[in-house]
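Structural overview for review
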Amino acid sequence: MDYPIVFIHGSGDSARIWRLQVEELGKDRQVFAIDLPGHGERPDSMPDTITVLEYGRVAHQIIQNELQLDHPIIAGHSLGGAIALTMALEYGSELGGLILIGTGARLRVLPEVLEATRSTPQRARDQLIEMNVSEAHRATTAPMIKQEQIEPGPTIMHRDLAACNIFDCMVRLSEISLPALIICGADDSATPVKYSQFLHDHLKGSTLRIFPNAAHYVMREQPEMVNQAIKEWLATL
Ligand code: COA
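A few points on the structure. Residue positions within a chain follow its written sequence, with the count starting from 1. Where local features are concerned, this predicted model is filtered to residues with pLDDT of at least 70; where side-chain atom pairs are given and counted, the filter is 80 or more; whole-chain, interface and lining totals use all residues. Note: side-chain values were computed over all heavy atoms of the structure, leaving out hydrogens and water.

1. With respect to the pairing of strand 2 (residues 31-34)
As defined by bridge partners, strand 1 (residues 5-8) adjoins strand 2 across 4 bridges and the pair is classed as parallel. What sits directly across from Ile 8, in strand 2, is Ile 34. Assessed by its sense of winding, the connection that carries the chain from strand 1 through helix 1 (residues 19-25) to strand 2 is right-handed. Paired strands, as defined in this entry, are two strands with at least two bridges between them according to DSSP. What counts as a helix is a DSSP run of H or I of at least four residues, what counts as a strand is a run of E of at least two, and both are numbered from the N terminus. Orient the strands so they point away from the viewer, and a crossover whose first-strand-to-second-strand path over the helix runs clockwise is right-handed.

Written as C-alpha cells, this is what we have:
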C-alpha cells in the first residue's frame, strides 16, 4: 500500500525545510509537510512551556482533522523525530511507519544553547543552523535554510529545545513495532550517529542509513541520497 507521508520539522523550523523531499517524493505518492503551532504559517495555539507529547497530540489532530489520512508514515527531523516516536507510542496502530532523521530517543540540550535561545533567540537560531550544517555545505546550505524559513516568534526556539531537553523514550522503544527508517548525517553533533544507532538497535527490523558530508540538516545537505534511501525503504514495505 502506498501510505502517505507526513513530514514534521524540527526546532524553530517549518514545513519549508522539507521542500526537496516534498518535490521529489510527491511525484509518486501523497506527501505533506506540516507546520507545528507557532512555526511557518500556523498561528500559535500553545503555551510557552510544552512537551513533545503535547506537540504529538497537535500533530495527530492536524493529520486526523485537516489531512484526514489513513495510516500515514510520520517522517520527523530532530524535535520532529521525537514527535514521530511519541506518536508511534500513542497512536501506533493508526500509523504506517516512521522515518527518523537526525533525531534520538533522548534529546538533552547543552545548557548554554538552551540559555542562548532564551536570551538571544534570533542570533542563537542563526548560529544553530550554521553549526548544524557540515563544513562541506555550510557556505551554500546554511544561508539557504535561513532565507527560506519563516522566522519563528522569539519564544518558540526556546520552547522547542526545552521540550527536547526533557524528552526521553529510551526505555520505551521496544513498544514500537512500526517499520522504521533511520537516517543520520555522519558529522551530526546535535544528534550524533550514536543516537541513531541506539534507535536502530532498539527498533526491531529498522533500517539505518548514515550519510557522509552531512550533519544535522542531512535532508538538505544530501537531499538526493536521503530521497533515494526513502524510496528504497518505501519499496520494502
Ligand atoms: N541515544 C543514545 N544514547 C544517548 C542518547 C540517545 N538519544 N542521549 C543520551 N545518550 C547517552 C549519552 O551518549 C551518554 O552516554 P555516555 O555516558 O556513554 O557518554 C548518556 O546517554 C547520558 O547522556 P545525556 O543524557 O545526554 O547527558 P549528559 O550529561 O552526558 O550530556 C549534553 C548532556 C547536553 C552535553 C549532551 O546530551 C549533548 O552533548 N547533547 C548534544 C548537543 C545538543 O544540545 N543537541 C541538541 C539536541 S535537539
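Here the narrative resumes.
2. A few points about the site of the ligand
Inspection of the region around the ligand gives Gly 104, Ala 105, Arg 106, Arg 108, Val 109, Leu 110, Met 170, Ser 189, Ala 190, Lys 194, Tyr 195 and Phe 198 as its neighbouring residues. Values of accessible area rely on a 1.4 Å probe in the Shrake-Rupley scheme; residue burial ignores everything except the protein chains shown. Protein coverage of the free-state accessible area of the ligand, which is 940 Å², stands at 64%. We call a residue near a given molecule or strand whenever any one of its heavy atoms falls within 4 Å of it.

3. What to know about the state of the cysteines
Only a pair of cysteine sulfur atoms within 2.5 Å qualifies as a disulfide here. Enumeration according to the criterion identifies 0 disulfides in this entry. Cysteine Cys 184 remains unbridged, with the sulfur of Cys 164 as its closest cysteine sulfur at 15 Å. Assessed through its relative accessible area of 0%, Cys 184 is described here as buried. Only protein chains enter the area calculation, which uses a 1.4 Å probe; residues under 20% of their type maximum are buried, those over 50% are exposed, and those in between are partly exposed.

4. A few points about the packing of helix 4 (residues 111-119) against helix 7 (residues 156-165)
An axis is simply a line fitted to the C-alpha atoms; with a helix, the fit covers only the stretch in contact. Between two such axes, the angle follows the N-to-C directions and lies from 0 to 180 degrees. Their axes nearest at 8 Å, the elements helix 4 and helix 7 cross at an angle of 155°. On the basis of the axis angle, helix 4 is roughly antiparallel to helix 7. The interaxial crossing formed by helix 4 with helix 7 has left-handed handedness. Contacts between helix 4 and helix 7 pair Val 113, Leu 114, Thr 117 and Arg 118 from the former with Met 157, His 158, Leu 161, Ala 162 and Asn 165 from the latter. Residue classes follow a fixed rule: Ala, Val, Leu, Ile, Met, Phe, Trp, Tyr, Cys and Pro count as nonpolar, while Asp, Glu, Lys and Arg count as charged, and any other residue, Gly among them, counts as polar. For the contact of helix 4 with helix 7, a count of residues per class yields 5 nonpolar, 3 polar and 1 charged. When an angle is under 35 degrees it counts as roughly parallel; over 145 it counts as roughly antiparallel; between 65 and 115 it counts as roughly perpendicular; any other value is oblique. By the definition used in this description, the sense in which the near helix is turned from the far one sets the handedness, with an anticlockwise turn below a right angle giving left-handed and a clockwise turn giving right-handed. Contact definition: two residues touch when any of their heavy atoms are within 4.5 Å.

Fair warning: the whole summary comes from geometry, so function is off the table for now.
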